[in-house]
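Here are the chains, one letter per residue:
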Amino acid sequence: MKYFLVELLPVVGIGLFIALILGVFFLMIVLAHNRLEIEKGKTPLYTSTAGGRIGWTSYRGPFISLRIYDEFIVIGYVKTIVLKFEEIERVEIKKWMGIVSDKVQIIHHKLDAPDTIIIGTTNPSQVKEIIDSKLEKRM
């Protein structure tokens, strides 16, 4: 019986490690989709969940959420960023290998947000169009 338990230790250890990794991924997804008080009662004009780059960190998979509202943008990942349109300078579409448009870069001047915000999305042209229309209204 004693030897049987010793043989099970590696299996239990691997199982706990896998559970920990899955728990971390689940937590990251939940944090990315966490709604803020400012969002309550509002319907987003556009939502997307994908990967991207925030600051120096690249996120693969569904770990970044983008929600665009009439007055602001919410970017959720491990943290949450709220960008008002007055804080956004412009939006650029980034192309994968210079060919396929699949990311949007938001250039802003908000001091407490990471400088680099690049978000993968299924429709970067629509994201740019919505944000550009809000930027034009403020001028």
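Note that the structure is predicted; figures quoted are calculated from it, not measured.

### A short note on the overall build of the protein chain
- If you tally the helices and strands in the protein chain, you get two helices and seven strands.
- Seen in sequence order, the protein chain has helices and strands lined up from the N terminus as α-β-β-β-β-β-β-β-α.
- Taking all contacts inside the protein chain whose residues are at least 6 apart in sequence as the whole, residues at least 24 apart take part in 46%.
- Carbon together with sulfur atoms contributes 63% to the accessible area of the protein chain, which is approximately 9000 Å² in total.

### A closer look at the pattern of salt bridges
- Throughout the structure, instances matching the rule amount to seven salt bridges.
- K94 is the partner of E92 in a salt bridge, and the nearest nitrogen-oxygen pair spans 3.7 Å.
- You can call K94 partly exposed: its relative accessible area is 29%.
- Among the charged side chains, a salt-bridge network with shared partners connects R90, E92 and K94.

### A closer look at the packing of aromatic side chains
- Taken as a whole and assessed by the stated rule, the structure comprises two aromatic pairs.
- Geometrically, the ring pair formed by Y59 and Y77 is edge-to-face, given 5.7 Å between the ring centres and 70° between the ring planes. Of this pair, Y59 sits in strand 2 (residues 57-68) while Y77 sits in the loop between strand 3 (72-76) and strand 4 (80-84), and the two are 18 residues apart along the sequence.
- Judged by its relative accessible area of 12%, Y59 falls in the buried class.
- Accessibility expressed as a relative area gives 7% for Y77, which makes it buried.

### A look at the nonpolar core
- Ranked by internal contacts, the top residues of the largest apolar core, which has 24 residues, are I68, I73, I75, I88 and I131.
- Ranked by residue count, the leading element in this core is strand 2, at five residues.
- With near-sequence residues (within four places) excluded, I131 lies in contact with I68, I73, F85, I88 and V91.

### Side note on the environment of S58
- Structurally, S58 can be placed in strand 2.
- Through-space distance from the C-alpha of S58 to that of I119 is 9.8 Å; in sequence the pair is 61 residues apart.
- Once you skip the residues sitting within four places of it in the chain, S58 turns out to touch G52 and R53.

Cut-offs and rules
Residues numbered from 1 in each chain as written. Predicted model: local features only at pLDDT ≥ 70, side-chain atom pairs only at ≥ 80, totals over all residues. Heavy atoms only, no water. Helix = DSSP H or I, 4+ residues; strand = E, 2+ residues; numbered from the N terminus. Contact = heavy atoms within 4.5 Å. Areas by Shrake-Rupley, 256 points an atom, 1.4 Å probe, with all protein chains shown as cover. Salt bridge = Lys/Arg side-chain N within 4 Å of Asp/Glu carboxyl O. Buried < 20%, exposed > 50% of the residue type's maximum accessible area, 1.4 Å probe, protein only. Phe/Tyr/Trp six-rings, centres within 6.5 Å; stacked < 30°, edge-to-face > 60°. Core = buried A, V, L, I, M, F, W, Y, C linked by side-chain atoms within 4.5 Å.

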